[in-house]
Amino acid sequence: WFALWASQMISLVKPGGIVIIESISQPRCDVGDWGGVTKEWWAQAIQEYEWDTQLGIDPTSLEIIDFDPLTQNEYIHDRYNVKLTKRKLIP
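Residues numbered from 1 in each chain as written. Predicted model: local features only at pLDDT ≥ 70, side-chain atom pairs only at ≥ 80, totals over all residues. Heavy atoms only, no water.

Any details on the environment of G36? Residues and values, ideally.
Structurally, G36 is set in the loop between α2 (28–31) and α3 (41–48). Separated by 11 residues in sequence, G36 and S25 have C-alpha atoms that sit 4.6 Å apart. (Helix = DSSP H or I, 4+ residues; strand = E, 2+ residues; numbered from the N terminus.)

Next up, the structure:
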């Protein structure tokens, strides 16, 4: 379900735009939270779900951003953000 949800969000972004997905949890079996995906999953997903060719994501733009440990609390423990960029259309 995570791939479908992310794909829908990516498809809404205009070419050249930035996709930011915030507060992603690690997988439920790892942290007992709502359940998310590993940080490594994103690079694999770009290829596996063809986000690079079908949705225009630049694979080199993948950026994993950890929450600042000083601002973490029990509700966002081990969460992170993802930043991706869609390629601009070439006229």
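Go over α3, please, and point to the residues and values.
Residues W41, W42, A45 and I46 constitute the buried set of α3. Along α3, the residues classed as buried sweep out an arc of 140° about the axis, all on the same side. Here the buried face of α3 lies against α1 (2–12), β1 (18–24), α4 (51–54), β2 (63–66) and β3 (80–85). Positive backbone phi, at 55°, marks E50, one or two positions downstream of α3. (Buried < 20%, exposed > 50% of the residue type's maximum accessible area, 1.4 Å probe, protein only. Arc of directions from axis to C-beta. Contact = heavy atoms within 4.5 Å.)

Break down the sheet that holds β3 for me, citing the residues and quoting the values.
On the basis of which strands lie adjacent, the open sheet formed by three strands has the order β1-β3-β2 and antiparallel pairing. In this open sheet, the two edge strands, each paired with only one partner strand, are β1 and β2. Strand-to-strand twist in this sheet, taken as the mean axis angle between neighbours without regard to direction, amounts to 20°. Across five bridges, β1 lies against β3 in antiparallel orientation. Across the sheet, I20 pairs through a bridge with K83, a residue of β3. Sheet strands touched by α1: β1 and β3. Its angle to β1, the strand with the most contacts, is close to 145°. Packing of α3 onto the sheet brings it into contact with β1, β2 and β3, and relative to β3 it is tilted by some 35°. (Pairing = 2+ DSSP bridges. Axes fitted to C-alpha atoms, helices over the stretch in contact; angles between N-to-C directions.)

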